[in-house]
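# Report on the structure
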Amino acid sequence: MALIEAALSAAVAAARPVLSAAARRAAPLSCCASYSAAASSSSFSCGSGDIEDSPPLPIPTPRGQSLLARFRGRRALAVTDITATEWCEKQMEFVLEHGRPERTQAMKAGSERHAQLEQEVIERVDVTIRSAEEMWAVKFMNFIVGANQLMLEGITRELPVFGVIEGSWMIGVIDELQMPPDGVSLHPILVDTKTRYKPTPPSEAQKRNGRLQLMCYKYLWDNLIGEKFPAENFFSYFDLDPNYLLSDDIKQFIRLLGLDAKTLEDVLKYFKVTCHTLPRSQEQLLLRYELQADHSLLEEYLFSYDASWFKDQIQEVLSFWQGARDAKFVSEEERWKCSFCKFANNCPINASSSRCC
Ligand code: SF4
């Protein structure tokens, strides 16, 4: 499968589409494109140890506005923004205001493992991206490629998903989707692999963070499949021209997949048709924890989607981003997180232990 990796920087950037192993053998239809942008080098990871789809930090607008308006105006919140906020709101605020701390060796090892897993099923191809319209065209194509791969080969990885949750545009990259091996159920299961530096079981806080992440992905996937894509809102929120003429480079990649599209809107039509052919995902979601040193499995954690818990969590996170209240600190029971926090020396929680929560 061919996936496009797009790194949009100012007007021009490099991008890499990807091909699955099968697509490499039989080019046209099995070519799919999955998005993995400059995000991977700038994504922020909290204690859950996950690396994925956070966009590069934008230039903030002046203070006085909500964090959403200041740092994500006309952009989608990344699923990693949601999980980082759930981990510690104050830490998320520090990251937005002061930039991401340097990545640790463990975080780098986690990224490398994800890249390795991705390469088992996907091959990246470079294309040049000149605009936001082309970046989105690539995302749509990468979704189509990944969805085709899932249906034809039973597995895909690094699948981009996007949509509106509780009124806010969000974007994420699903680690892995698998069709059930029993051949009976037609609903894919969403899987996320976390790597751990030490052979210890994950804490409840880490599992909770992983649950929220996978539930975000399930919500976005099921929404793309089951709901009408809000095209008008999409073009207007991201300030995109539906009639934007795609570059020859991108049109050539699209033709490689057996499709013919000239504009962003043409690509969106193919995307919508693809979504309508796909099944909803399973209610069960799977978190896998493996040891970084040898990739041995430490734990598999299967749990059920909980719509009410998920909605509460998203509303809580959004109230922080929308400026309805100040950032919270970690709870007393989760003060251990502070010993792994790069901002601990500047955090008011350390001025007075009573500042918790
Ligand atoms: S020191 Fe603790 S409370 Fe403060 S930002 Fe870091 S994790 Fe959050």
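Residues numbered from 1 in each chain as written. Predicted model: local features only at pLDDT ≥ 70, side-chain atom pairs only at ≥ 80, totals over all residues.

## Some points on the overall build of the protein
The criterion, for reference: Elements are defined by DSSP. Helices are runs of H or I of four residues or more, strands are runs of E of two residues or more, and each kind is numbered from the N terminus. Neighbour counting defines burial: a residue surrounded by 20 or more other C-beta atoms within 10 Å of its own C-beta is buried, one with 12 or fewer is exposed, and intermediate counts give partly exposed, using backbone-placed C-beta atoms. By the criterion used throughout, residues are in contact when their C-beta atoms, derived from the backbone, lie within 7 Å.
Along its length, the protein carries 13 helices and 11 strands. Here the protein holds 357 residues, and the buried ones make up 44% of them. Restricting to contacts in the protein with at least 6 residues of sequence separation, those with at least 24 account for 71%.

## Some details on the site of the ligand
Just so we agree on the cut-off: Only the C-beta atom matters for nearness: placed from the backbone, it must lie within 6 Å of the molecule or strand for the residue to count as near. Note on residue categories: nonpolar means Ala, Val, Leu, Ile, Met, Phe, Trp, Tyr, Cys or Pro, charged means Asp, Glu, Lys or Arg, and polar means any other residue, Gly included.
Of all residues adjacent to the ligand, which total 13 residues, the nearest are Cys 88, Gln 91, Cys 338, Cys 341 and Cys 347. The class makeup of the residues in the shell around the ligand is 10 nonpolar, one polar and two charged.

## Considerations on the packing of helix α5 (residues 79–87) against helix α9 (residues 204–226)
Which entries qualify depends on this criterion: To obtain an axis, a line is fitted to C-alpha atoms, over the contacting stretch when the element is a helix, and the angle between two such axes runs from 0 to 180 degrees between their N-to-C directions. Orientation categories follow fixed angle ranges, with anything under 35 degrees roughly parallel, anything over 145 roughly antiparallel, 65 to 115 roughly perpendicular, and all other angles oblique. The sense of a crossing depends on the near helix, which, turned anticlockwise from the far helix by less than a right angle, makes the crossing left-handed and, turned clockwise, makes it right-handed.
Following both chains from N to C, one finds α5 and α9 inclined at 155 degrees, their axes separated by 9 Å at the closest point. Relative to α9, the element α5 is oriented roughly antiparallel. Viewed along their axes, α5 and α9 form a crossing whose handedness is right-handed. Between α5, through Val 79, Ile 82, Thr 83, Glu 86 and Trp 87, and α9, the contact on the second element is made entirely by Asn 209, Leu 212, Gln 213, Cys 216 and Tyr 217. For the contact of α5 with α9, a count of residues per class yields six nonpolar, three polar and one charged.

## A look at α9
Stated formally: Helices are assigned an expected span. That span is 1.5 Å times one less than the residue count.
Taking 1.5 Å of rise per residue, 23 residues should cover 33 Å, and α9 covers 32 Å from first to last C-alpha, within 8% of that figure. Within α9, 17 of the 23 residues are buried, which leaves the element mostly enclosed by the surrounding structure.

## Regarding the nonpolar core
For the record, the criterion: We define a nonpolar core as a collection of buried residues of the types Ala, Val, Leu, Ile, Met, Phe, Trp, Tyr and Cys that are connected via C-beta atoms lying within 7 Å of each other.
Membership of the largest hydrophobic core comes to 70 residues, with the highest contact counts inside it found for Ala 137, Phe 140, Met 141, Met 170, Cys 216, Tyr 217 and Leu 220. Here this core gets 11 residues from one element, more than from any other, and that element is helix α8 (residues 132–153). With near-sequence residues (within four places) excluded, Tyr 217 lies in contact with Val 79, Val 161, Gly 172, Ile 174 and Leu 190.

## Some remarks on the environment of Gly 64
Structurally, Gly 64 can be placed in the loop between α3 (39–42) and α4 (67–72). Looking at Gly 64, the number of C-beta atoms within 10 Å reads 8, which means it is exposed. Along the sequence, Gly 64 and Gly 323 sit 259 residues apart, while their C-alpha atoms lie 9.4 Å from each other.

## Quick look at the packing of α8 against helix α12 (residues 264–276)
Packing of α8 against α12 leaves a shortest axis separation of 9 Å and a crossing angle of 25 degrees. Between α8 and α12, the angle falls in the class roughly parallel. Between α8 and α12 lies a crossing of left-handed hand. Residues Glu 133, Trp 136, Ala 137, Phe 140, Met 141, Phe 143, Ile 144 and Ala 147 of α8 lie in contact with α12, whose contacting residues are Leu 264, Val 267, Leu 268, Tyr 270, Phe 271 and Thr 274.

## Quick look at the environment of Asp 248
Within the element layout of this structure, Asp 248 appears in helix α11 (residues 248–256). Asp 248 sits 120 residues away from Thr 128 along the chain, and the two C-alpha atoms are 9.9 Å apart.

## Topic: the pairing of strand β9 (residues 189–196)
Selection rule: At least two bridges found by DSSP between two strands is the condition for calling them paired.
Burial within β9 is extensive, with six of its eight residues counted as buried. Inspection of the sheet shows strand β8 (residues 168–178) paired to β9 by three bridges, in the antiparallel sense. Within β9, the residue paired with Gln 178 across the bridge is Ile 189. As judged from the seven bridges shared by β9 and strand β10 (residues 284–291), these two strands associate in the parallel manner. Within the sheet, the bridge partner assigned to Asp 192 lies in β10 and is Leu 287.

## Overview of the pairing of β8
In terms of burial, β8 is a largely internal element, eight of the 11 residues being buried. Of the strand pairs in this sheet, strand β4 (residues 77–78) and β8 are connected by two bridges, and their pairing is parallel. When the bridges of β8 are listed, Ala 78 appears paired with Ile 171. Note: strand β7 (residues 155–165) against β8, 10 bridges, orientation antiparallel. For Pro 160, the partnering residue across the bridge sits in β8 and is Val 173. Hairpin geometry of β7 and β8 is characterised by an intervening segment of two residues between the two adjacent antiparallel strands and by a positive phi of about 50 degrees at Glu 166.

## As for the environment of Thr 85
With respect to the helices and strands, Thr 85 occurs in helix α5. With 242 residues separating them in the primary sequence, Thr 85 and Ala 327 have C-alpha atoms 9.2 Å apart.

## Considerations on unusual backbone geometry
With a phi angle near 50 degrees, Glu 166 is a residue other than glycine that sits in the positive phi range. Considering the arrangement of structural elements, one finds Glu 166 in the loop between β7 and β8. Residues other than glycine seldom take positive phi values, yet Asp 239 does so here, at roughly 55 degrees. Assignment of secondary structure puts Asp 239 in the loop between α10 (231–237) and α11. In this structure Asp 239 comes out as exposed when scored by C-beta crowding, with 9 C-beta atoms within 10 Å.

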